Amino acid sequence: RAEQDRAFEESRRRDAERALQRAQQERAAAEEKKRAAEAEARRAAERRKAEEAKKLWEAHRMSWRRWIRRGLVVREPRPGEAVRGKTMRVGIRMPDGRRVVRFFGENDTVTALYAYVDSLFIPPEYVQDTDPVSPPEGGSAGEDGLAGEMQKSGKSVDKWWGFKIVLAYPRKEIEWVPEKRIGDIDALKGGAQVVVEPVADEDGAQGKAKASAEDADDDEYHTESE
């Protein structure tokens, strides 16, 4: 009987240990599940915050884009308009495959080229006649105001514009520099064909830019000087 009692106690002890172990495992699993749920909730909140910030930025950027169309896009030069210098023909290929041709004067600034390209991203529902007559949120007009807005945004020039302009062949970036004359850019002298490459803030931006660059290398455009 004593031996049976010891065996019974040993069995009960093992059962108690197994029950305790299961309880500990269940608590650990519950805590892990809770931590995972909390982490997912934080990620979801961060995604919502990022999406909201993106929407706010896009709305802000569209306001500037529409003002730029009104305030910084210059009309094409008229024949014999000497004050703007020699007329230069620029062929532009957009990321969506559109091809447009625009004429500039050699005394126009690079901002005029970037402003025109920027205007091509405005959806047709935004009628040009309704574009704002002054910069958004009390910003300053002119290229100085544009440069100030870029600095205020904390974004790089490329990310603020959302695109790069590159010579189709050989590939060479035409950087935006305030007040710089188009005629002072060797790649644009005599006219040129350029490709617009999108630039994004997201991590996938490099891949998209690389794809656009590879596509540009295969493009049929060449500089007119050739």
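These numbers come from a predicted model, not from an experiment.

Topologically, tyrosine 169 is positioned in the loop between β3 (163–167) and β4 (172–173). Judged by relative accessible area, which is 44%, tyrosine 169 ranks as partly exposed. Taking the C-alpha atoms as reference points, tyrosine 169 and alanine 187, separated by 18 residues in sequence, lie 9.9 Å from one another.

This part is about the confidence of the model for the protein chain. A low pLDDT means the predicted coordinates there should not be read in detail. For the protein chain, the average pLDDT comes to 86, and 89% of its residues sit at 70 or higher. Mean pLDDT across the secondary structure elements of the protein chain bottoms out at helix α5 (residues 205–217), with 41, and peaks at helix α2 (residues 110–119), with 97. A low-confidence stretch, residues 203–226 (pLDDT under 50), is modelled with 35 contacts involving residues beyond four sequence positions or located in other chains.

This part is about helix α3 (residues 142–153). Quick reminder: α-helices carry 3.6 residues per turn. Residues three or four places apart thus point the same way. Compared with an ideal rise of 1.5 Å per residue, which puts twelve residues at 16 Å, α3 spans 17 Å between its outermost C-alpha atoms and is within 8% of the ideal. For α3, the set of buried residues is Glu143, Gly145, Leu146, Glu149 and Met150. Projected down its long axis, α3 shows its buried positions confined to an angular sector of 160°, all on one face. Of the residues in α3, the exposed ones pointing more than 90 degrees away from the buried face are Asp144, Gln151 and Lys152. Following α3 by one or two positions, glycine 154 has its phi on the positive side, about 80°.

Two side chains bearing opposite charge may form a pair once their charged atoms approach each other closely. Applying the stated criterion to the full structure yields 19 salt bridges. In this structure, glutamate 10 and arginine 13 form a salt bridge, with 2.2 Å as the shortest nitrogen-oxygen distance. You can see glutamate 10 and its partner arginine 13 sitting in helix α1 (residues 2–71), three residues apart, about one turn around the helix. Judged by relative accessible area, which is 30%, glutamate 10 ranks as partly exposed. Between aspartate 158 and lysine 164 there is a salt bridge, and its shortest N-O distance comes to 3.9 Å. We classify lysine 164 as partly exposed; its relative accessible area is 23%. Connected through shared salt-bridge partners, Glu10, Arg13, Arg14 and Glu17 make up one network.

So, on to the side chain of arginine 65. Note on placement: arginine 65 falls in helix α1. Relative accessible area serves as the criterion here: at 12%, arginine 65 is assigned to the buried category. Setting aside chain neighbours within four positions, we find arginine 65 in contact with Asp118, Phe121, Ile122 and Trp161.

With that settled, consider the pairing of strand β1 (residues 87–93). For a regular strand, side chains alternate in direction, first toward one face of the sheet and then toward the other. Along β1, five of the seven residues are buried, which leaves the element largely enclosed by surrounding structure. Where β1 lies against strand β2 (residues 99–105), seven bridges are found, and the strand directions are antiparallel. For arginine 93, the partnering residue across the bridge sits in β2 and is arginine 99. Between β1 and β2, which pair antiparallel in sequence order, lie five residues; one of them, glycine 97, sits at a positive phi of approximately 95°. Across four bridges, β1 lies against strand β5 (residues 192–198) in parallel orientation.

So, about the nonpolar core. Of all hydrophobic cores here, the largest spans 34 residues; its most connected members are Ile92, Leu113, Leu146, Trp161 and Leu188. Elements that contribute at least two residues to this core include exactly α1, β1, β2, α2, α3, α4 (157–161), β3 and β5. Residue contributions to this core peak at seven residues, all from α2.

Two elements in contact, α1 and α2, have axes separated by 9 Å at closest approach and are oriented at 120°. Compared by their axis directions, α1 and α2 come out oblique. In terms of crossing hand, the pair formed by α1 and α2 is left-handed. When α1 is examined against α2, the residues Arg61, Arg65, Ile68 and Arg69 are found in contact with a partner set consisting of Ala115, Asp118 and Ser119. Taken together, the residues of the contact of α1 with α2 sort by class into two nonpolar, one polar and four charged.

What counts, and where the lines are drawn
- Residues numbered from 1 in each chain as written.
- Predicted model: local features only at pLDDT ≥ 70, side-chain atom pairs only at ≥ 80, totals over all residues.
- Heavy atoms only, no water.
- Helix = DSSP H or I, 4+ residues; strand = E, 2+ residues; numbered from the N terminus.
- Buried < 20%, exposed > 50% of the residue type's maximum accessible area, 1.4 Å probe, protein only.
- pLDDT = per-residue confidence, 0-100.
- Contact = heavy atoms within 4.5 Å.
- Expected span 1.5 Å × (residues − 1).
- Arc of directions from axis to C-beta.
- Salt bridge = Lys/Arg side-chain N within 4 Å of Asp/Glu carboxyl O.
- Pairing = 2+ DSSP bridges.
- Core = buried A, V, L, I, M, F, W, Y, C linked by side-chain atoms within 4.5 Å.
- Axes fitted to C-alpha atoms, helices over the stretch in contact; angles between N-to-C directions.
- Parallel < 35°, antiparallel > 145°, perpendicular 65-115°, else oblique.
- Left-handed = near helix turned anticlockwise from the far one by under 90°.
- Nonpolar A, V, L, I, M, F, W, Y, C, P; charged D, E, K, R; others polar.

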